[in-house]
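Okay, here's what each chain looks like letter by letter:
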Amino acid sequence: MPTDPSSTVLLYNDSYMALKPLKETEKCTIFKFLNPEVCARVIAGKKVEPLEGEPLFLNLVCSLYNICLELNSTKPTVGAAEKNLIYFTIGYSKEYLDLIKCCIYSIVSNSKDLSNVDFLLITDSKQAFDEVAKAFPDLNLDYLVVPSAEDGIQASMNKLKVFEYEHIFKYKKILFLDADIVFNNDANQIFDLDIEDHKIYSLIHEGCDYKSHNFRYHNITEYTKEKIERLEKLKIKPFNAGQFLMVSSVAMARHFTNVNFITHLWEKEYFFEQSFLNTYFNYNEASNTSLLEDHFSIYYIEQHTIESLKLNKSKNVHYAGDPCNGSTKLEFLKSQFPNYYDILT
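Residues numbered from 1 in each chain as written. Predicted model: local features only at pLDDT ≥ 70, side-chain atom pairs only at ≥ 80, totals over all residues. Heavy atoms only, no water.

**Re the nonpolar core**
The condition that has to hold: In this description, a nonpolar core means a group of buried Ala, Val, Leu, Ile, Met, Phe, Trp, Tyr and Cys residues linked to one another through side-chain atoms lying within 4.5 Å. Burial classes: relative accessible area under 20% of the type maximum marks a residue as buried, over 50% as exposed, and values in between as partly exposed (1.4 Å probe, protein chains only). Comment: elements are numbered from the N terminus, with helices defined as DSSP H or I runs of at least four residues and strands as E runs of at least two. A contact between two residues is defined here by any heavy atoms of the two lying within 4.5 Å.
Counting 98 residues, the largest nonpolar core has Phe119, Phe163, Leu177, Phe256 and Leu277 as the members making the most contacts within it. Sort the elements by how many residues they give to this core and helix H3 (residues 94-110) lands first, with eight residues. In this view, Leu277 contacts Leu160, Ile200, Phe239, Ala241, Phe244, Phe256, Val259 and Asn282; residues no more than four positions away in its chain are not counted.

Below, the structure written as structure tokens:
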């Protein structure tokens, strides 16, 4: 076993495991777990045992996270880049293309200077990128083509592939946005926030309690009562994965590699990528669900309407609910934010 685990990648199939030297890209080490459980046991140097009262799968989640911490404990993983990145995911859907155009238009309309902000579209359709680029010729816009999505769920889960983008380490911070978001404030306010490596920053709608950590929307397993009490003490709530902020670092690339492989291991019920991101980052107490509360408001529409929620237009609004139904979202956008909808007319 090499003395520096970050210099190798573990490859496996059902019968063997081998070590292979890594390559250097953009001066950052590329690291992949091709079998999270085997990798955890080999690097940790011991057999993974379940935590008392909790599933083995959560112990695996914990081990993978801690490996990333150890590999990055002696050297900085965040570059000195000054530019930031906003990215979206989409399959070729006319309605969702229109939603993304309206979202970008709202950002452009409310931001004084976007010279240090690039935009990325993760898509299975170059045509989708071309249409967005045509609408915003003055923006720094790029794309990452991924295999065709079978449905809206898979298209949404492509947000986990952002670290496959070849220029990703040229950015300081990364902001993911669902298409059904409008900005009412300067996007630079988000990028001016102080954030840490190894963490994901998001939020949940007002009134959501800590017991929601065990809802399938935010968990693929189930936490113990003691774990939920600890999360409450730390003020870590479950989060909506329709918007999140993070640094662009080798460490976060490794964490997202872990999340991606967890999605391949899991064969039971889940809710989009949100279940996996919540389980990985919340269980490891590596999420901040309060920092963005001053900047975003989540409002649910159609059959997911929550009567107690008020539409707060003083913040950037994520009009969530009714997933994969672009038509109802466009109707809501037209009725509540006609100034942003106008770009489509």
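**Here's the deal with unusual backbone geometry**
The phi dihedral of His198 is positive, around 70°, even though this residue is not glycine. Tracing the backbone through its elements, the reader meets His198 in the loop between helix H6 (188-191) and strand E10 (200-203). The residue Lys235 is not glycine, and still its phi comes out positive at about 60°. One can find Lys235 in the loop between helix H7 (225-233) and strand E11 (240-247).

**Concerning the packing of aromatic side chains**
Just so we agree on the cut-off: Here the aromatic set is Phe, Tyr and Trp, taking the six-membered ring for Trp, and pairing holds for ring centres within 6.5 Å; pairs whose planes are under 30 degrees apart are stacked, those over 60 apart are edge-to-face, and all others are tilted. Each ring is checked for a lysine NZ or an arginine CZ that lies within 6 Å of its centre and within 35 degrees of its normal; such an atom marks a charge sitting over the ring.
A full pass over the atoms with the stated rule returns 15 aromatic pairs. Aromatic side chains Phe163 and Phe256 sit 5.4 Å apart centroid to centroid with 65° between the ring planes, which places their arrangement in the edge-to-face category. With Phe163 in the loop between helix H5 (152-157) and strand E8 (173-177) and Phe256 in helix H8 (residues 250-265), this pair connects stretches of sequence that are 93 residues apart. Take Phe163: its relative accessible area is 14%, and that puts it in the buried class. When its relative accessible area of 1% is taken as the criterion, Phe256 is described as buried. In this structure an aromatic cluster arises from ring pairing among Tyr65, Tyr87, Phe163, Phe169, Phe176, Phe244, Phe256, Tyr280 and Phe281. One cation-aromatic arrangement involves Lys227 over Tyr283; the distance from NZ or CZ to the ring centre is 4.6 Å. Looking at Lys313, its charged tip hangs above the ring of Phe337, at a distance of 5.0 Å from the centre.

**Quick word on the sheet that holds E8**
Convention followed: If DSSP finds at least two bridges between two strands, the strands pair. Axis definition: a line fitted to C-alpha atoms, over the contacting stretch in the case of helices. Angles run 0 to 180 degrees between N-to-C directions.
Spatially, seven strands are ordered E7-E6-E5-E8-E11-E10-E12 in an open sheet, and the strand pairing comes out mixed. Of all strands in the sheet, those bounded by a partner on one side alone are strand E7 (141-145) and strand E12 (287-288). Sheet topology note: the E10/E12 ladder contains two bridges and is parallel. Its bridge partner being in E12, Ile200 is matched across the sheet by Ser287. The strands that H3 touches are strand E5 (84-90), strand E6 (117-123) and E8; relative to E5, the one it contacts most, it runs at about 160°. Sitting on the sheet, helix H4 (residues 126-135) touches E5, E6 and E7, and the angle it makes with E7 is about 170°.

**A closer look at the environment of Arg216**
Tracing the backbone shows Arg216 in the loop between E10 and H7. Overall, the relative accessible area of 29% leaves Arg216 in the partly exposed class. Measuring from C-alpha to C-alpha, the distance between Arg216 and Gln274 comes to 9.3 Å, with 58 residues separating the pair along the chain.

**Observations concerning the packing of helix H2 (residues 56-71) against helix H9 (residues 274-283)**
Short version of the rule: In these notes the angle categories are as follows: under 35 degrees is roughly parallel, over 145 is roughly antiparallel, 65 to 115 is roughly perpendicular, and the rest is oblique. Crossings are sorted by hand: turned counterclockwise from the far helix by less than a right angle, the near helix makes the crossing left-handed, and turned clockwise it makes it right-handed.
Between H2 and H9, whose axes approach to 9 Å, the crossing angle comes to 65°. On the basis of their axis angle, the class for H2 and H9 is roughly perpendicular. Relative to H9, H2 is oriented so that their crossing is right-handed. Contact residues: H2 offers Leu58, Val61, Cys62, Leu64, Tyr65 and Cys68, while H9 offers Thr279, Tyr280 and Tyr283.

**Description of H7**
We count it as follows: It is the directions from the helix axis to the C-beta atoms that the arc portrays.
What H7 keeps buried is the set Lys227, Ile228 and Leu231. For H7, the angular spread of buried residues about the axis comes to 100°, placing them on one side. Among the exposed residues of H7, those oriented more than 90 degrees off its buried face are Lys225, Glu226 and Lys233. Lining the buried residues of H7 we find H9.

**What about the pattern of salt bridges?**
Two side chains of opposite charge can pair, provided their charged atoms sit close to one another. To keep it simple, the criterion reads: Counted as salt bridges are all cases of a side-chain nitrogen of Lys or Arg within 4 Å of a carboxyl oxygen of Asp or Glu.
Throughout the structure, instances matching the rule amount to nine salt bridges. A salt bridge links Lys329 to Asp180; its shortest N-O distance comes to 2.7 Å. Linking Lys329 in helix H10 (residues 326-336) with Asp180 in the loop between E8 and strand E9 (181-182), this pair joins segments that are 149 residues apart in sequence. Using a relative accessible area of 5% as the deciding quantity, one classes Asp180 as buried.

**Observations regarding the confidence of the model for the protein chain**
Filter applied, for reference: Here pLDDT means the predictor's own confidence in every residue, given as a number from 0 to 100.
For the protein chain, per-residue confidence averages 80 on the pLDDT scale, and 77% of positions sit at 70 or higher. With pLDDT under 50 throughout, residues 1-50 is counted as low confidence; its partners more than four residues away or in other chains account for 93 contacts.

**Quick word on the pairing of strand E14 (residues 316-320)**
Of all five residues making up E14, five are buried, and the element is well covered by its neighbours. Residues Asn316, His318 and Ala320 line one face of E14 and the alternating positions Val317 and Tyr319 line the opposite face, and both faces are buried. As paired strands, E9 and E14 are joined by two bridges and run antiparallel to one another. Looking across to E14, one finds that Ile181 is bridged to His318.

**Description of H3**
Definition in use: To estimate how far a helix should extend, the number of its residues minus one is multiplied by 1.5 Å.
Between its first and last C-alpha, H3 extends 25 Å over 17 residues, near the 24 Å set by a 1.5 Å rise per residue. Within H3, burial applies to Tyr96, Leu97, Asp98, Leu99, Ile100, Lys101, Cys102, Cys103, Ile104, Ser106 and Ile107.

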